[in-house]
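# Analysis of the macromolecular model
Okay, here's what each chain looks like letter by letter:
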Amino acid sequence: MFHYDAPAGLLKDRIILVTGAGEGIGRAAAWQYAAHGATVVLLGRTLEKLESLYDEIENAGYPQPAIVPMNLDSATEHDYIELSNQLFDEFGRLDGVLHNAGLLGMRTPLETYDPITWEQVMRVNVHAPFLMTQSLLPLLQRSEDASIIFTSSGVGRKGRAYWGAYAVSKFATEGMMQVLADELENTPNIRVNAINPGATRTQMRAYAYPAEPPESNPTPAEIMPLYLYLMGADSRQINGQSLDAQGDESA
Ligand code: NDP
């Protein structure tokens, strides 16, 4: 596991958007960011899940979050511009984005992969983070220290049979992170990195590996040190890296 002891006020006064915040890893990250002082913008497609997390964060006495219900499968360019305008009106800037929402799609050979599912996975996993990042960059430019985090996967670094669009989308995610990080190399207030969570106990993992005992993998809460490290000021010098949440590095 990546080792990092986050100071209590690590993300104090930061505004951080988390996609796929209602469930799994995104929910744990939004909670941890709020617990470390951030105002979190909870984005996801299932309103009830976002509302229940909102209540938990409020009841814990952490900064009041914001909720953005959005389906990344159907959102248009216009929706992303609207999102950016809303955040500008409410906060005036953005200090972090965790692109976490993801779709697994089918586990099947490319020969028989359903083209509609292929497009859906590419839209949610690649196209949506591209459009969102594009529309949010002006807000991130207004931050003193902004961090953009993409979510990768082991199959986004080495292709594996039957992982289809999901694997290809994660290769694209690694590529998008590298291109953007290089473009922003001389923009010292924004850094761009990716996290590979590694096998984690969530619905997606259970769906991909139905025969595996869920307890054999760490919970989302256990893999949070890297999510905190990359979002806070201690990682200011890190740009263009793809790091493993369950790797044995430390910071
Ligand atoms: P889950 O399936 O548990 O959660 C995914 C989240 O993404 C949910 O909140 C879901 O919303 C949201 N989401 C899915 N589709 C859309 C959409 N169209 N619009 C908006 N939100 C959407 O997944 P994990 O927590 O396991 O995965 C999080 C990230 O980590 C993903 O990018 C995944 O690829 C990656 N990852 C996970 C691994 C693991 O072992 N768990 C391993 C490697 C990478 P809703 O709750 O409404 O369904």
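Structure: above.
Residues numbered from 1 in each chain as written. Predicted model: local features only at pLDDT ≥ 70, side-chain atom pairs only at ≥ 80, totals over all residues.

## A few points about the sheet that holds strand β1 (residues 15–19)
Strands pair in a sheet through their backbones, by hydrogen bonds, and they do so in one of two ways: parallel or antiparallel. Applicable threshold: Any two strands are treated as partners once DSSP identifies two or more bridges connecting them. Secondary structure elements are defined from DSSP: runs of H or I of at least 4 residues count as helices, runs of E of at least 2 residues count as strands, and each element is numbered from the N terminus. Axis lines are fitted to C-alpha atoms, over the contacting stretch for helices. Their N-to-C directions set the angle, which ranges from 0 to 180 degrees.
Taken in spatial order, the seven strands make up an open sheet running β3-β2-β1-β4-β5-β6-β7, and their pairing is parallel. Edge positions in the sheet fall to β3 (66–69) and β7 (242–244), since each has one partner strand and no second. On average, each strand axis in the sheet is inclined to that of its neighbour by 20 degrees, with strand direction left out of account. The sheet contact formed by β1 and strand β2 (residues 39–44) spans five bridges and is parallel. Bridging across to β2, Leu17 finds its partner in Val41.

## Overview of the site of the ligand
Where we set the bar: As a rule, any residue with its backbone-derived C-beta atom within 6 Å of a molecule or strand is reported as near that molecule or strand. Under the grouping applied here, Gly and all other residues not named as nonpolar or charged are polar, the nonpolar ones being Ala, Val, Leu, Ile, Met, Phe, Trp, Tyr, Cys and Pro and the charged ones Asp, Glu, Lys and Arg.
As a matter of local geometry, the ligand sits amid 27 residues, with Gly20, Gly24, Thr46, Gly102 and Thr202 nearest to it. Those elements that place two or more of their residues in the shell around the ligand are α1 (24–35) and α6 (203–208). Looking at the shell around the ligand residue by residue, the classes come out as eight nonpolar, 14 polar and five charged.

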